[in-house]
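# Understanding the architecture of this molecule
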Amino acid sequence: MTAPGRHNPLIVVTGPTASGKTRRAVELARELRGEIISADSRQVYRGMDIGTGKDIGEYGDTPVHLIDICPAGYKYNLYEYLRDFRAARADIEARGNRVIVCGGTGLYVESILKGVELPEVPENPELRKRLEGKQLDELTEILAAMKTLHNVTDVDTAKRAIRAIEIQTYYADHPEAARQTLPHPESDAIVIGVDVDRDTRRRRITERLHARLAEGMVAEVQSLLDGGVPPADLIYYGLEYKYLTLHLTGRMDYDEMVAGLEIAIHQFAKRQMTWFRGMERRIAPIPVNWIPCSAPDFIQRALSLCQ
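Attention here is on the structure that accompanies the text. This is a predicted model, so every value here is computed, not measured.

### Considerations on helix H2 (residues 78-94)
For H2, spanning 17 residues, the distance from its first C-alpha to its last is 24 Å, which sits close to the expected 24 Å at 1.5 Å a residue. Within H2 the residues assigned to the buried category are Leu78, Glu80, Tyr81, Leu82, Asp84, Phe85, Ala88, Arg89 and Ile92. Looking at the buried residues of H2, the elements they touch are strand E2 (34-38), strand E4 (64-65), strand E6 (98-102) and helix H3 (106-114). Where H2 begins, the capping side chain belongs to Asn77, and its oxygen is found 3.2 Å from the backbone nitrogen of Tyr79. Immediately downstream of H2, the backbone of Gly96 shows phi near 80°, a positive value.

As structure tokens, this is what we get:
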């Protein structure tokens, strides 16, 4: 245990879906008396358990933060995540425990490592009224003229694109707020990447999908729909929730849903790895220490980086 007030480098365990990063993070936390902060953009939602792979049982008595903090249907965002991350980190460090971030949402992981801080941006009703009715491609052009588009999720819907334009307009009108967004990198962070080869990753994704279907993933999504979460909100979350909602609302038969979802998850994992490889350049000189997921000495190697 570390004495309260003493700084320990942030530890990040990341990697693509189905790499086994949660299990590795828990093993590391037990060795270091650590607590885990999730960096998964969908595990924040209550009732979305099987589809997001919360695997609560894996944590055992290891404390985990930023899971089940929002109702399903809510649109949690990066500003809220960074705010909640800082609060959870301060709480853990005040008790003298190690902070271990674990998750595969690249935007969250990279923003933490860059030390990004985002001020709260209020709604701009006049701007929203002017943009109302514009097509997504037109909104994308407006946003591209205001900033470099690194994150495609800014423009995956008209609503999100309008919010992104609203934020950039606020920064233009309030340069002091824009200066707050300048990063303060976690220069001493220890980043451990759980490396999984393509064939193993594909096999694990397929096996996990069928296991989750057998576990009751269809019933989970039906329960969310029955509980009043609009289909459009579940489709917004993508992957499992998109495809199962399309099936349950009669727009896909079961076999079509399973086949389409499996392809989508494989594509998602590939995009994750593309993000992480790019992140390695963007967070330099912080290194990403890739360790094979099945390495028998995985924890020993990870511990050697963290001691």
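### Let's talk about the nonpolar core
Core analysis: the largest hydrophobic core is formed by 57 residues, its most contacted members being Tyr81 and Leu261. Secondary structure elements with two or more residues in this core: H2, E6, H3, helix H8 (198-215), helix H9 (217-226), helix H11 (239-248), helix H12 (254-282) and strand E8 (288-292). For this core, the leading source of residues is H12, giving 9 residues. The contact partners of Tyr81, leaving out residues within four places of it in the chain, are Ile37, Ser38, Ala39, Leu66, Tyr76, Tyr108 and Ile112. By size, the runner-up hydrophobic cluster in this structure holds 24 residues, among which are Val26, Ala29, Ile190 and Ile291.

### Considering the sheet that holds strand E7 (residues 190-195)
Taken in spatial order, the 6 strands of this open sheet run E4-E2-E6-E1-E7-E8, and their pairing is parallel. In this open sheet, the two strands that pair with only one neighbour each are E4 and E8. Pairing analysis gives 5 bridges linking E7 to E8, with the strands arranged parallel. The residue of E8 that forms the bridge with Gly193 is Trp290. Each of strand E1 (11-14), E2, E6 and E7 is contacted by helix H1 (residues 21-32), which is oriented at about 175° to E6, the strand it contacts most.

### A word on the packing of H8 against H12
Two numbers describe how H8 lies on H12: the axes approach to 10 Å, and their chain directions differ by 140°. If you check the angle between H8 and H12, you find them oblique. Between H8 and H12 lies a crossing whose hand is right-handed. Between H8 and H12, the residues in contact are Arg201, Arg202, Ile205, Thr206, Leu209, His210 and Leu213 and Tyr254, Met257, Val258, Leu261, Glu262, Ile265, His266, Ala269, Lys270 and Met273, respectively.

### Describing the packing of aromatic side chains
If you walk through the whole model with that rule in mind, you get 6 aromatic pairs. Centre to centre, the rings of Tyr236 and Tyr237 are 5.6 Å apart; their planes meet at 70°, and the pair counts as edge-to-face. For Tyr236, a relative accessible area of 26% translates into the label partly exposed. Its relative accessible area of 8% is what places Tyr237 among the buried residues. Taken together, Tyr45, Tyr236 and Tyr237 form an aromatic cluster joined through their ring pairs. The cationic tip of Arg277 hangs over the ring face of Trp290; the distance from NZ or CZ to the ring centre is 4.8 Å. The residue whose ring lies beneath Arg282 is Trp275, and the NZ or CZ to ring-centre distance is 5.1 Å.

### Considerations on unusual backbone geometry
Of note, the bond from Ala284 into Pro285 is cis; its omega dihedral lies within 30 degrees of zero at 15°. Along the chain, Pro285 falls in the loop between H12 and E8. In this structure, Leu66 is a non-glycine residue whose phi angle is positive, near 65°. Positionally, Leu66 belongs in the loop between E4 and strand E5 (70-71).

### Notes on the pattern of salt bridges
A side chain with one charge can pair with a side chain of the opposite charge if their charged atoms come near. In this structure the tally under the stated criterion is 22 salt bridges. Close ionic contact of Asp233 with Lys75 constitutes a salt bridge, the shortest N to O distance being 2.9 Å. Of the two residues, Asp233 is situated in helix H10 (residues 231-236) and Lys75 in the loop between E5 and H2; the sequence distance between them amounts to 158 residues. One salt bridge connects Asp91 with Arg95, and the closest N-O pair in it is separated by 2.8 Å. The exposure class assigned to Arg95 is partly exposed, which follows from its relative accessible area of 33%. What you see here is one network of salt bridges that share partners, running through Glu123, Arg128, Arg163 and Glu166.

Calculation criteria
Residues numbered from 1 in each chain as written. Predicted model: local features only at pLDDT ≥ 70, side-chain atom pairs only at ≥ 80, totals over all residues. Heavy atoms only, no water. Helix = DSSP H or I, 4+ residues; strand = E, 2+ residues; numbered from the N terminus. Expected span 1.5 Å × (residues − 1). Buried < 20%, exposed > 50% of the residue type's maximum accessible area, 1.4 Å probe, protein only. Contact = heavy atoms within 4.5 Å. Polar contact = N/O pair within 3.5 Å; in protein donor to acceptor, adjacent residues only side chain to side chain. Core = buried A, V, L, I, M, F, W, Y, C linked by side-chain atoms within 4.5 Å. Pairing = 2+ DSSP bridges. Axes fitted to C-alpha atoms, helices over the stretch in contact; angles between N-to-C directions. Parallel < 35°, antiparallel > 145°, perpendicular 65-115°, else oblique. Left-handed = near helix turned anticlockwise from the far one by under 90°. Phe/Tyr/Trp six-rings, centres within 6.5 Å; stacked < 30°, edge-to-face > 60°. Lys NZ or Arg CZ within 6 Å of the ring centre and 35° of its normal. Salt bridge = Lys/Arg side-chain N within 4 Å of Asp/Glu carboxyl O.

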